[in-house]
Amino acid sequence: MGILDQLGKTFSQVTDRAKFEAEKFQKTTRLQAEINELRRQIDQKLMEIGQRAYDLQRAGQIQAPSLAELAVALDQLRSTLLVREEELKKAQNEVYIEPTPSPPPMQSVPISEAPAPTTGSKMCPQCGFQMPATAIFCPACGTRVAK
């Protein structure tokens, strides 16, 4: 058997396997869909039975203590549901209200008496700026000046 025959056989096996898996997937998917539909129909019929039993119990045609308990529990759930639905409506209708901006706080600056006017001035040795005689640093260039 040549290499081409062996490759052909391997390719054929892979193709058969892929075909089998695809058919298996289709079959299981179809069956799962049918099962889900049957479960949905069963749940629907149970809901119909439950609703009829509830209606008959409320009308006084069925006198079963277990049904009475279930009916009371159902009534309580429905009452709670109504309350929650109203809360939901209120929450959905709430509108955000922009807060009014408050004015910035007033800054208080301590007021002190103005320094006594000094007579005399001195000149900065670095830039020649005329400054008060009490200055330690030149306001123009920042050079430290002797007192």
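All values derive from a computational prediction rather than experimental measurement.

**Q** Which residues make up the packing of aromatic side chains, and what are the values?
**A** If you walk through the whole model with that rule in mind, you get 0 aromatic pairs. Geometry around Y54 places R78 over its ring, the cationic atom sitting 5.0 Å from the centre.

**Q** Could you give an account of the confidence of the model for the protein chain, naming the residues involved and the relevant values?
**A** Chain-level pLDDT for the protein chain is 86 on average; 90% of the residues reach the 70-or-more range. No element of the protein chain has a lower mean pLDDT than strand β1 (residues 121-123), at 87, and none a higher one than helix α1 (residues 3-58), at 92.

**Q** Tell me about a nonpolar patch on the surface, residues and numbers included.
**A** On the surface, I3, L4 and L7 cluster together into a nonpolar patch covering about 370 Å² of accessible area. Its location among the elements puts L4 in helix α1. In this structure L4 comes out as exposed when scored by relative accessible area, which is 68%.

**Q** Describe α1, naming the residues involved and giving the relevant values.
**A** Across its 56 residues, α1 extends 81 Å between first and last C-alpha, which sits within 8% of the 82 Å expected from 1.5 Å per residue. Those residues of α1 not exposed but buried are A53, Y54 and Q57. Where α1 is buried, its residues touch α2 (65-93). In the stretch just after α1, G60 is the one whose phi turns positive, near 85°.

**Q** Break down the nonpolar core for me, with residues and values.
**A** In terms of nonpolar packing, the biggest core is built from 5 residues, these being C124, M131, A135, C138 and V145. Excluding its chain neighbours within four sequence positions, the residues that come into contact with A135 are K122 and V145.

Conventions used here
- Residues numbered from 1 in each chain as written.
- Predicted model: local features only at pLDDT ≥ 70, side-chain atom pairs only at ≥ 80, totals over all residues.
- Heavy atoms only, no water.
- Phe/Tyr/Trp six-rings, centres within 6.5 Å; stacked < 30°, edge-to-face > 60°.
- Lys NZ or Arg CZ within 6 Å of the ring centre and 35° of its normal.
- pLDDT = per-residue confidence, 0-100.
- Helix = DSSP H or I, 4+ residues; strand = E, 2+ residues; numbered from the N terminus.
- Patch = residues over 30% accessible without salt bridge, like charges linked within 9 Å, V, L, I, M, F, W, Y side chains within 5 Å.
- Areas by Shrake-Rupley, 256 points an atom, 1.4 Å probe, with all protein chains shown as cover.
- Salt bridge = Lys/Arg side-chain N within 4 Å of Asp/Glu carboxyl O.
- Buried < 20%, exposed > 50% of the residue type's maximum accessible area, 1.4 Å probe, protein only.
- Expected span 1.5 Å × (residues − 1).
- Contact = heavy atoms within 4.5 Å.
- Core = buried A, V, L, I, M, F, W, Y, C linked by side-chain atoms within 4.5 Å.

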